[in-house]
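# An overview of the molecular structure
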Amino acid sequence: MITIYTDAHKKHQPDFETYDGIQVPYAETASRVDSILDELRRRDMLEIMPPKHFPRLHIEAVHQVGYIEFLRQRTSIIDGDTTVSPSYFMTDTYAPLTSGTYEASIAAVDAALTGAHMITNGQSLAYSLCRPPGHHASHHSLGGYCYFNNAAIAANYLSQSGKVAILDIDYHHGNGTQDIFYGRGDVLYVSLHANPNESYPYISGYAGEKGTGEGKGFNINYPLALNTTDRTYLRTLESAVNKIKSFNPAYLIVSAGFDTYNLDPIGGFRLTQGVYRQCGKLIANLGLPMLIIQEGGYNTDDLGILVAEFLTGVSQ
Ligand code: OKP
Ligand code: ZN
């Protein structure tokens with residue numbers, strides 16, 4: 001398995017996120033990545049490829065130039081290790097800025113685009129170990145630990161060579177990815193996530209959100225109840241996979257979050273370690289060229305195991 005990775009993410013280590021005006025510890029830590037790398041290495045599954053740098057036009061195809069410039073300029077004037085809670089271009093207060101946030105976010109986009117490029121060059125499978133994650137970032141807004149939407153940028157890039165399906169299996173609804181492709185029929189967005197009635201991001205993820213204009217019918221949400229178990233999850237994933245099959249895409253992008261795990265400190269599902277390999281197999285059955293992009297997952301003790309199990313499943 002080729003893992004596209006750079007340690008540039010370490011430039012982004014905010015001290016806090018803000019919950020109702022109160023600063024609380026930042027859950028999206030750099031140690032998440034260590035957990036993944038350590039376990040892949042332990043299982044002899046780690047083959048690192050550093051990302052190549054891509055021109056900014058690929059980001060500008062998805063995000064507003066004013067927003068990109070805001071991130072670049074605002075972070076460039078941050079002193080030392082200060083963490084800043086931004087006031088503009090935000091959906092919520094869960095995406096603070098540090099002096100290295102822009103550079104780390106660019107590197108995450110490069111990892112996603114490098115994976116996408118490999119897929120168009122005939123590679124059937126790649127894993128972009130992106131940090132920060134991306135699926136909550138929209139055209140001109142950050143939120144939920146996300147700044148640039150890595151999966152959306154890769155999907156838009158791939159869409160130049162064929163139809164793309166994005167399967168989002170993070171615990172949280174990818175409101176950014178949904179927004180970005182809501183009016184497009186050439187990129188299908190399918191997401192399994194916690195019911196927005198009771199979980200972040202609250203503002204979207206309902207089953208009635210189906211797309212608009214040319215995009216009508218090409219946005220599919222599967223909101224699931226708190227305490228969802230392996231059985232229900234796998235059954236729902238099977239429906240999602242069937243929708244992707246009917247769409248008949250040339251490429252598949254998986255927004256892979258692992259905060260669906262029963263021991264995740266943020267998520268509220270009850271998935272066990274064993275289910276991730278089964279999820280991987282089910283998705284791989286589609287037989288599509290596949291780019292896996294890292295999103296959430298916050299149990300740093302077990303995150304590596306969950307990722308390794310999933311990657312084992314997709315490789316079988
Ligand atoms: C990012 B990703 C509620 C905390 C919610 C924001 C969660 C962002 C998740 N007390 N914090 O989708 O994993
Ligand atoms: Zn999540």
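We now turn to the structure provided with this report.

Criteria and thresholds
Residue positions are counted from 1 within each chain, in the order its sequence is given. Chains carry letters from A onward and ligands carry numbers from 1 onward, assigned in written order. Totals for whole chains, interfaces and linings use all residues, but because this is a predicted model, local features are given only for residues with pLDDT of at least 70 and pairs of side-chain atoms are given and counted only at 80 or more. Only heavy atoms go into the side-chain values, all of them from the structure, while hydrogens and water stay out. We call a set of buried Ala, Val, Leu, Ile, Met, Phe, Trp, Tyr and Cys residues a nonpolar core when their side-chain atoms join them within 4.5 Å. For every residue, the accessible area (1.4 Å probe, protein chains only) is compared with the maximum for its type, and the residue is labelled buried under 20%, exposed over 50%, or partly exposed between those bounds. Each metal's donors comprise the N, O and S atoms found within 2.8 Å of it (within 3.2 Å for Na, K or Ca). Water is not part of the atom list, so some coordination spheres may appear incomplete. By the criteria applied, helices consist of DSSP H or I runs no shorter than four residues and strands consist of E runs no shorter than two, each listed in order from the N terminus. Take a side-chain nitrogen of Lys or Arg and a carboxyl oxygen of Asp or Glu: if they are within 4 Å of each other, that pair is a salt bridge.

Of all hydrophobic cores here, the largest spans 51 residues; its most connected members are L167, L252, I292 and F310. If you look at the next biggest cluster of nonpolar residues, it comprises 50 residues, including I68, I78, A151 and A154.

The zinc ion (ligand 2) binds to the protein through D170 (OD), H172 (ND1) and D259 (OD); the donor distances cover 1.9 to 2.1 Å. Of note, the donors binding the zinc ion (ligand 2) are all from one chain and are spaced D-x1-H-x86-D. Residue D170 is found in the loop between β6 (164-168) and α6 (175-181), and its partner D259 is found in the loop between β9 (251-256) and α8 (275-284); the two are separated by 89 residues along the sequence. Considered together, D170 and D259 belong to a single accessibility category, that of buried residues.

We now examine the pattern of salt bridges. Across all of its chains, the model carries 12 salt bridges by this definition. Of the charged contacts, one joins E103 and K11 as a salt bridge, the two residues approaching to 3.2 Å between their closest N and O atoms. Of this pair, E103 sits in helix α4 (residues 101-120) while K11 sits in the loop between β1 (2-4) and β2 (16-19), placing them 92 residues apart in sequence. Note on K11: relative accessible area 44%, which makes it partly exposed. The partner of R41 in a salt bridge is D38, and the shortest N-O contact between them spans 3.5 Å. Placement of the pair is R41 and D38 together in helix α1 (residues 31-42), with a separation of 3 residues, close to one helical turn. Look at R41 and you get partly exposed, because its relative accessible area is 48%.

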